Protein chains: 2
Amino acid sequence: MNNTLTILGCGSAMPTIQNSPSGQLLEMSGKQFLIDCGEGIQITLRRMSQRINRLDHIFISHLHGDHCFGLLGLISTLGMLGRTRDLYIHAQADLQRLMQPLLDYFCQGMEYKVIFDVIRPNKHVVIYEDRTLTVKTIPLKHRVPSCGFLFEEKPKERHIIKEQMDFYNIPLAAIPALKAGEDYLNSDGKLIENERLTTAPNPPFRFAYCSDTAYLEKIVPLIQGVDCLYHESTYTDEHAARAKETQHSTARQAATIAKLANVNQLIIGHFSARIDDHLQFLAEAREVFPNTLLAEERQQYKL
Amino acid sequence: MNNTLTILGCGSAMPTIQNSPSGQLLEMSGKQFLIDCGEGIQITLRRMSQRINRLDHIFISHLHGDHCFGLLGLISTLGMLGRTRDLYIHAQADLQRLMQPLLDYFCQGMEYKVIFDVIRPNKHVVIYEDRTLTVKTIPLKHRVPSCGFLFEEKPKERHIIKEQMDFYNIPLAAIPALKAGEDYLNSDGKLIENERLTTAPNPPFRFAYCSDTAYLEKIVPLIQGVDCLYHESTYTDEHAARAKETQHSTARQAATIAKLANVNQLIIGHFSARIDDHLQFLAEAREVFPNTLLAEERQQYKL
């Protein structure tokens, strides 16, 4: 199953002709996760004809409008579409306090529940877990409390070598233990080592989302070696002073984090409305970290 | 000066590939008015490169999300753009109660004030007045309290006939009185009738916005003879039962109101996501009222 990232919005606070506020749909291990939900995200999903029938969890990085003003419209539309499954919103406590009166007023009679799960952005802890993956917060540094999210698959099962199973005449009932790495004791009392019967599992896939944040080296150990890092890149070198002042990152800083963390792939986004030519971001990032891609709205990235 | 109507969104509650939630920008007598503000309106304005530097008043017809979820984003962006002039929102009392905590949280430090003016949708009264025009509420019938808006220019001044002024040797100081319709008494004591010196003014321009509403004949006298009527047309004949149930109108009903009110021009919008082919709306409306136009997003209509 492919892991994909669909960029729904990769602008910063001010919408532009090119870019809408933040939002992205992560498909991982057969599930869907929405990360941030700026205004217009539900409209973009519709225009892309993107189905979100496996979406049960939304993660909000911080409480600036360009990361959450689209929630109410999305929730309302899901109600009209007849959703019945609970929807979880993982966000700082203030969001529920602010949104609940509006949900009560505008979304009366919906057949599903919206459940707020309070996250503390200054902790690096598991905030979501299921059979195949976990999500952890990544404390960031911004003008308001902000955190990224680390999506990590759990260690996977080993792959059975079918020919060896036949050769050793191993019953099907033994497969779960073999996939878990155990050796096999056959009826003659002979031990067959697991390595003869299986191959190593695929390494667990890991994706990190880091936005909004100033340049922050202390996240490096938390995202070390991830397959893909989405890191905000609001400004170019020319606006480095403004990046510092507003606690955002430049493309070069995003790339530096990617390099220090030895990630496989970097995607940069959250582009300032001040900068029209996005190739500038790309050029500056690639000087430091060549395997960088530009986020583009309505594009899907295979991870 | 041209009066224009720019359609920013003409869908109903559910966004589609074609349509966003409601919003339109009316330019009249040199001023700008925003009528309804569904999610994404500020993004559409940006993508159209539409300036709104003469916008001081927003009118919200009723408190369904597709008519007001875009307010917060718009207000926030205007703050970032450095707006300093007060912005007035004319809406039912609940909107301020619901929005004020979010404005206080998300829009701290803005250099302009958002002032809520409470309207009572069941009254037909003046809710805005300036030197050249008035805005009145039009009570509608919907699942929640709802009202339309009637924008009316005040009676204009008569036009001076320059040649006659020269012929009778009338001083410039007399012009204001002549424009107001008074006769002129010259220095010989002779009365020169106003009709010799002026021609009739242009008739005051009138625009009516009626959305959302069930078919409601009692609005006919309130909008009699307007130059342009925007009337909701959520459904086609095929869905007439659903229109009744949800207290919306069909295209044919919108056209019937236009015909009964003897308006000059009808524009229909607020199209249901169930109906892809908008020409159906147009065909059904034109059977009753030929001078009907379809609302299309990002189109500007000269009124």
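A short tour of the structure in this document, coming up. (Residues numbered from 1 in each chain as written. Chains lettered and ligands numbered in written order. Predicted model: local features only at pLDDT ≥ 70, side-chain atom pairs only at ≥ 80, totals over all residues. Heavy atoms only, no water.)

1. Some thoughts on the pairing of strand S8 (residues 133-139) of chain A
All names here are of chain A. Here is the rule: Throughout, exposure labels follow a simple rule: accessible area from a 1.4 Å probe, protein chains only, divided by the maximum for the residue type, with under 20% read as buried, over 50% as exposed, and the rest as partly exposed. Strands are runs of DSSP state E lasting at least 2 residues, helices are runs of H or I lasting at least 4, and numbering of each runs from the N terminus. By definition, two strands form a pair when at least two bridges between them are found by DSSP.
Along S8, six of the seven residues are buried, which leaves the element largely enclosed by surrounding structure. Pairing analysis gives three bridges linking strand S7 (residues 126-129) to S8, with the strands arranged antiparallel. Paired with Tyr 128 across the strands is Val 135, a residue of S8. Two successive antiparallel strands, S7 and S8, enclose a turn made up of three residues. Direction of pairing for S8 relative to strand S9 (residues 147-153): antiparallel, over a ladder of seven bridges. Bridge assignment links Val 135 to a residue of S9, and that residue is Phe 151.

2. Focus on the pairing of strand S9 (residues 147-153) of chain B
Residues and elements named next belong to chain B. Burial of S9 is extensive: seven of the seven residues sit out of reach of the surface. Side-chain alternation along S9 places Cys 147, Phe 149, Phe 151 and Glu 153 on one buried face and Gly 148, Leu 150 and Glu 152 on a second face that is also buried. Note that S9 and strand S14 (residues 206-210) share four bridges and pair antiparallel. Bridge pairing links Glu 152 to Arg 206 in S14.

3. So, the sheet that holds strand S17 (residues 292-294) of chain A
Residue and element names in this part refer to chain A. What counts is decided by this rule: Lines fitted to C-alpha atoms define the axes here, with helix axes fitted over just the stretch in contact, and angles between the N-to-C directions of these axes take values from 0 to 180 degrees. Every residue pair with non-hydrogen atoms within 4.5 Å of one another is taken to be in contact.
In spatial order, the strands read S7-S8-S9-S14-S15-S16-S17; together these seven strands make up an open sheet with mixed pairing. Looking at the sheet topology across the chains shown, the edges are occupied by S7 and S17. This sheet shows a mean twist of 20° between the axes of neighbouring strands, independent of strand direction. In this fold helix H9 (residues 278-288) packs onto strand S16 (265-269) and S17, with an angle of close to 170° to the strand it touches most, S17.

4. Here we look at the sheet that holds strand S4 (residues 55-59) of chain A
All names here are of chain A. One open sheet accounts for seven strands, arranged S6-S5-S4-S3-S2-S1-S18; its pairing is mixed. Each edge of the sheet is formed by a strand with only one pairing partner; in this case those strands are strand S6 (114-118) and strand S18 (300-302). For this sheet, the mean inter-axis angle between neighbouring strands, taken without regard to orientation, is 20°. With five bridges connecting them, strand S5 (residues 87-91) and S6 associate as parallel partners. The residue of S6 that forms the bridge with His 90 is Asp 117. In the packing of helix H2 (residues 71-80) onto the sheet, the strands contacted are strand S3 (31-37), S4, S5 and S6, and the crossing angle to S5 comes to about 170°. Each of S5 and S6 is contacted by helix H3 (residues 93-106), which is oriented at about 165° to S6, the strand it contacts most.

5. Some details on the interface of chain B and chain A
For clarity, the cut-off: Buried area is a sum: the accessible area each of two parts loses on coming together, probed at 1.4 Å, counted once for each and added. Basic side-chain nitrogens of Lys or Arg form a salt bridge, by our definition, when they fall within 4 Å of a carboxyl oxygen of Asp or Glu.
Each partner contributes to the interface: chain B provides 38 residues, whereas chain A provides 38 residues. Of the roughly 3100 Å² buried at the junction of chain B and chain A (both faces included), carbon and sulfur atoms supply 65%. Among the residues chain B hides against chain A, the three largest losses belong to Glu 39, Arg 47 and Phe 69 of chain B. Together they make up 22% of the total. Where chain B meets chain A, there are two salt bridges. Elements supplying a minimum of two residues to the side of chain B that touches chain A: helix H1 (41-47), helix H2 (71-80) and helix H3 (93-106) of chain B. Top contributing element to the side of chain B that touches chain A by residue count: H3 of chain B, with seven residues.

Function-wise, these values are silent; they only describe arrangement.
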